[in-house]
Amino acid sequence: METSATLNLNGLAEQISAQVVEWRRYLHSNPELSFQEEKTAQFVFDTLAGFDGLELSRPTKTSVMARLIGGQPGKVLAIRADMDALPITEENEFEFKSQNPGVMHACGHDGHTAMLLGTAKVLSSLKDQIKGEVRFLFQHAEELFPGGAEEMVSAGVMDGVDLVIGTHLWSPLEIGKIGVVYGPMMAAPDTFWITVKGKGGHAALPHQTIDSIAIAAQVVTNLQHVVSRNTDPLDNLVLSVTQFTGGTTHNVIPGSVQMCGTVRSFDPKLRETMPAVMERVIKGITEAHAATYDFKYEFGYRPVINDAEVTKVIEETVREVFGEETLDLMRPNMGGEDFSAFQQKAPGAFFYVGAGNKDKGIVYPHHHAKFTIDEDALEIGVKTFLHTTFKFLG
């Protein structure tokens, strides 16, 4: 049953829904890449400056923090939204499509920023009713390691924070659904680079060469055994070679081949073993064929591990505000997110807001040139933020 408080918060969210859509469309038209979000950050800062009762700061060059200190003492809740776009040429034909060639909001960060602006606007009007503090974190550079979250944490945005939440608009999840995950939610995304060095020569005389392509192909094949035969089947692990470059023409065996890929995992101990396990495979194959190699492995973001108590509050909020049919208790996935940096400083949880809609043709995956969201999801996201804020802060 809806209480008067529920109706009031929902009504306030609905009143600013059109404004949130307008903000999202402006941001979508003016995307900026990771660590380059200068105009985006200024837009966010200027918009927040128009709300009452917020203390604004710029923790880094392209991020923004707003503090709303309530009329009564209490806990400190941080809410995070990311702001950066991707190096993708947009293929949508919206009036508000990207005006920056080769740059596109293809992951929903424009919507995240707009939802948090809407949340800040409503909560700033309710300052006297808030027990404690709400900290709005507008983060740069989620898409590019080492990421903006770590920089913001280093700048002190999480000092004194008791708990932190964030969300992701999720196109694989239909509009009207909210996805909640307990425990491990998103994996640690690590990156590797391999160069196989052979001896180039004429393709008609392979015996005079050390064929880097043939050897590198065996490296790719045998790296698949790392998951299938070198790790526990019950462990969550992905190893994908995603780039394979070598050669210049049809009749030349190249002297080297370059490869790149990613490893995704949840378990810290398993993660630590991966460079050595992979190098053992690479070294064995290249030495067997008289080739050499270079190998570089870079640890990326930590995995997103949701705190059980914080997640439970979000689940209860979804049930109470939207009803049982809205809740989707989801499985983890192997995507990566630097929201995990904030979770190192305070208990936190990340959740999904469904943004796909097959009936409207909104079916393209994240990072696709035709990606978009059902904008009705923005109001759902704002309502979720508002209700969880009051549920957390009392």
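Residues numbered from 1 in each chain as written. Predicted model: local features only at pLDDT ≥ 70, side-chain atom pairs only at ≥ 80, totals over all residues. Heavy atoms only, no water.

**Points about the packing of helix α4 (residues 109-124) against helix α10 (residues 376-393)**
Okay, step 1: The geometry of α4 relative to α10 is characterised by a closest axis approach of 9 Å and an angle of 45° between their N-to-C directions. When the axes of α4 and α10 are compared, the pair comes out oblique. Once α4 is placed against α10, the crossing between them reads as right-handed. Where α4 abuts α10, its residues Gly111, Met115, Leu116, Gly118, Thr119, Val122 and Leu123 lie against Ala377, Leu378, Gly381, Val382, Phe385, Leu386, Thr389 and Phe390. (Axes fitted to C-alpha atoms, helices over the stretch in contact; angles between N-to-C directions. Helix = DSSP H or I, 4+ residues; strand = E, 2+ residues; numbered from the N terminus. Parallel < 35°, antiparallel > 145°, perpendicular 65-115°, else oblique. Left-handed = near helix turned anticlockwise from the far one by under 90°. Contact = heavy atoms within 4.5 Å.)

**Remarks on the packing of aromatic side chains**
Okay, step 1: Under the definition given, this model contains 10 aromatic pairs.
Okay, step 2: Seen in terms of ring centroids, Trp23 and Phe51 are 6.2 Å apart; in terms of plane orientation they differ by 55°. Their pairing is tilted. Of the two residues, Trp23 sits in helix α2 (residues 17-29) while Phe51 sits in the loop between α3 (38-49) and β1 (55-57), which places them 28 residues apart along the sequence. We note that Trp23, like Phe51, is buried.
Okay, step 3: Chaining the aromatic ring pairs together yields one cluster made of Phe295, Tyr297 and Phe299. (Phe/Tyr/Trp six-rings, centres within 6.5 Å; stacked < 30°, edge-to-face > 60°. Buried < 20%, exposed > 50% of the residue type's maximum accessible area, 1.4 Å probe, protein only.)

**So, the nonpolar core**
Okay, step 1: Leu48, Phe136 and Phe138 are the most contacted members of the largest nonpolar core, which has 66 residues in total.
Okay, step 2: With 9 residues, the top contributor of residues to this core is α10.
Okay, step 3: When sequence neighbours within four positions are dropped, the list of residues in contact with Leu48 reads Leu54, Leu56, Val64, Ala66, Leu117, Ala120 and Phe138. (Core = buried A, V, L, I, M, F, W, Y, C linked by side-chain atoms within 4.5 Å.)

**Quick notes on the pattern of salt bridges**
Charged atoms that come close allow side chains of opposite charge to pair.
Okay, step 1: In this structure the tally under the stated criterion is 20 salt bridges.
Okay, step 2: Where Arg67 meets Glu133, a salt bridge forms, and the shortest distance between an N and an O atom there is 2.7 Å. A residue pair is termed long-range when its members are at least 10 positions apart, and Arg67 in strand β2 (residues 64-69) and Glu133 in strand β4 (residues 131-139) qualify at 66 residues.
Okay, step 3: Residue Arg67 is classed as partly exposed on the basis of its relative accessible area, which comes to 27%.
Okay, step 4: A relative accessible area of 6% places Glu133 in the buried class.
Okay, step 5: For Lys383, the salt bridge goes to Glu379, with nearest N and O atoms at 3.1 Å. Residue Lys383 and its partner Glu379 are both found in helix α10; the two are separated by 4 residues, about one turn of the helix.
Okay, step 6: On the accessibility criterion, Lys383 (10% relative accessible area) is buried.
Okay, step 7: Glu379 gets classed as partly exposed once you look at its relative accessible area, which sits at 22%.
Okay, step 8: Taken together, the shared-partner salt bridges connect Arg24, Arg25, Asp110 and Glu375 into one network. (Salt bridge = Lys/Arg side-chain N within 4 Å of Asp/Glu carboxyl O.)

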